[in-house]
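So the chains spell out like this:
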Amino acid sequence: MNIIICLDTKNGMAFNRRRQSRDRCVIADMEKSIPNAEILASSYSKPLFEGGNLKVKYSDNYLDTATDEDYCFVEREQLCPYKDKISTVTVYRWDKAYPADVTLDLPLDSMKAVSTAELEGYSHKKIIKEIYTK
Amino acid sequence: MRKNAYKGILRLLAVTVAVFTLLAGCSAPRPSYNVPITLDNIPPFAGEPYVVINDNQPYFTEDEITRTSYESYSPMDHLGRCGVAIASIGIDIMPTEDRGNIGSVKPSGWQSVKYDIVDGKYLYNRCHLIAFMLAGENANEENLITGTRFMNTQGMLPFEDMVHDYVIETENHVMYRVSPIFDGNNLVASGCLMEAYSVEDNGDGICFCIYVYNAQPGITINYADGTSCLNGQALPSSTPSTAVGETYVLNTSSKRVHKSTCSQVGRIDEENKAEITGTLEDIIADGYTPCGTCFKDEALPSATPVVTPTPTATPKPTATPKPTATPVVTPAPTPEGGVTADYVLNTSSKRVHKSSCSQVDRINEENRAEYDGELADIIAQGYVPCGTCFKDEDLPSTTPTVTPIVTPTPAPDSGTTYVLNTDSMKFHYPSCYQADRIKEENKATSTSSRQELIESGYSACGVCKP
């Protein structure tokens, strides 16, 4: 499966069960990059996709049911239990460190970094898009 | 009196913030809040910048939560200490301009002291209770406390950024309250309770309640008066808590400090003028350069000494003394950098220009110098007023008896104070406009040499080219 995730500069994901940050430009970039893909996500992520063009399927066990080709938008879940199923990871990295009590448990340095690109965000001056493959 | 830094945190203390009356004429009532935590409930500082309080649930009441943006600060108490600050942060009260100078404010317990082990070296920052990025408050003394670099950048900033970016993205409101907590009559807060709650989505976006420690790893602080030392060393004797020294006048634009009697004071634009009582050493440490006219021929104080850990095998360079000459001509920034002095000289053609002159941008960098002083003086040294910017003006006659005051451009590092951006790791001349744009939490000054800064990982600004 293909993971899409937002991280801060310290690989932070969430604080107090809430996402650290959001930016409409991330969703806009996903619409451009994978316009026809079906995204799997938890119901927590629903507000981010409302009004957008992406097809999103919400489920609480979306990581368990995802197939090799599926795209999973991850905000709070741990990924190590699924590491053997993961083929790519796309990181949208915020340009600062936010408070975090959930951080990415997947060692990105064990994957191959294939590209980085800089995006201008709406509420963030800069978002770095990083793509990793196995 | 000596006092261990963390001893105070362990002591039982009922922290009660006074109930303040509504002041006539204020747009928002003063905060009225009994801080619901005591320092004896807070675990000792153990290296983490904050701890979660009340399972991250803030203490806002329904009556306090509002979708109308506002901000309110407590009046300072009889010891000159800040109290609770509260706001409903909305996009409409966020700043639209860069932050101004806050160096004129001396919060309670303020000390200007540097350590090699502190990021940016200065132990203390003037910490906004409600961050400038959230409510646009500049030098509001009711909103600035003496806070460690660690509390400012590792404790408060991540939460401030989170709230800021959420409000920008959603245009929702966030209830936001910061309560500095003082142990007894201490002048430096032990820490701050920070609470936030997003209004329109009932806390789905932002919800936290934390205590940030006003501590610095490796440093022992006497919270009674702000004195400090490296862990394991002896604290210095207590110093008077009130500001001492003479009264000076600052030009917050050119970053010059003048004696109050200086003839240049009358020429400072009112919006750039600030009066400050303190020591010249502290003012220089804040990035100001003594005026070449009124401090002429005076021995100037060195910059704040750096406290270096004794066990360090290869001690880092410490402060370089300021030049005692009369540095009235200083290297000018590049055209993009703007000009803060009265005049700009072309040292090759011997022309003097007003800083606003269109010709200034055409001067080669190596021939350009700033001049803060009397036009007659510079004419006396052979400079000819520019025919464009001085056209039709009555010019002062040459007075050949004036002592020459143009000095060569200072050799690199001869007492230069640089402004550091500890985030981008760039260093600038204090006059560089890029330096003014550095967030307070990332800003530091250094009198280390250019080479030393580069060896420390900093790179020179591409605009002012220090």
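It should be noted that the structure appears before, not after, this text.
Residues numbered from 1 in each chain as written. Chains lettered and ligands numbered in written order. Predicted model: local features only at pLDDT ≥ 70, side-chain atom pairs only at ≥ 80, totals over all residues.

Further remarks concern the overall build of chain B. Broken down by element type, chain B carries seven helices and 25 strands. Buried residues in chain B amount to 47% of all 466 residues. Taking contacts inside chain B between residues at least 6 apart in sequence as the whole, the part at least 24 apart equals 69%. (Helix = DSSP H or I, 4+ residues; strand = E, 2+ residues; numbered from the N terminus. Buried ≥ 20, exposed ≤ 12 C-beta atoms within 10 Å, placed from the backbone. Contact = placed C-beta atoms within 7 Å.)

Attention shifts here to the sheet that holds strand S22 (residues 418–421) of chain B. Hydrogen bonds between backbone atoms are what pair the strands of a sheet, whose relative direction is either parallel or antiparallel. Residue and element names in this part refer to chain B. Read from one edge to the other, the open sheet built from four strands follows the order S24-S22-S23-S25, with strand pairing classed as mixed. The two strands at the open ends of the sheet, each matched to only one other strand, are strand S24 (443–446) and strand S25 (459–460). Bridge analysis of S22 against strand S23 (residues 426–428) gives three bridges, and the strand direction is antiparallel. Note that in S23 the partner of Leu 420 across the bridge is Phe 427. (Pairing = 2+ DSSP bridges.)

Residue and element names in this part refer to chain A. Listed in full, the buried residues belonging to helix H1 (residues 24–33) are Val 26, Ile 27 and Met 30. Within H1, the buried residues cover an arc of 95 degrees as seen down the axis, which keeps them to one side. Against strand S1 (2–7), helix H2 (46–49), strand S7 (88–94) and strand S10 (127–133) lie the buried residues of H1. (Arc of directions from axis to C-beta.)

Take the environment of Ala 28 of chain A next. Turning to its location among the elements, Ala 28 of chain A is positioned in helix H1. Between the C-alpha atom of Ala 28 of chain A and that of Gly 52 of chain A, which follows or precedes it by 24 residues, the distance is 8.2 Å.

Here the focus is helix H3 (residues 149–170) of chain B. All names here are of chain B. Its 22 residues place the ends of H3 30 Å apart at the C-alpha level, agreeing with the 32 Å of an ideal helix rising 1.5 Å per residue. The sharpest bend along H3 measures roughly 45 degrees and falls at Met 156, with the proline Pro 158 sitting one to four residues further on. Most of H3 is tucked away: 19 of the 22 residues are buried. Once H3 ends, the next one or two residues include Glu 171, with phi positive near 60 degrees. (Expected span 1.5 Å × (residues − 1). Bend = angle between axes of the 7 residues up to and from the residue.)

Attention now goes to the interface of chain B and chain A. The interface is formed by twelve residues belonging to chain B together with 15 residues belonging to chain A. The biggest single contributor to the side of chain B that touches chain A is H3 of chain B, with eight residues. Looking at the side of chain B that touches chain A, its residues break down into seven nonpolar, two polar and three charged. (Nonpolar A, V, L, I, M, F, W, Y, C, P; charged D, E, K, R; others polar.)

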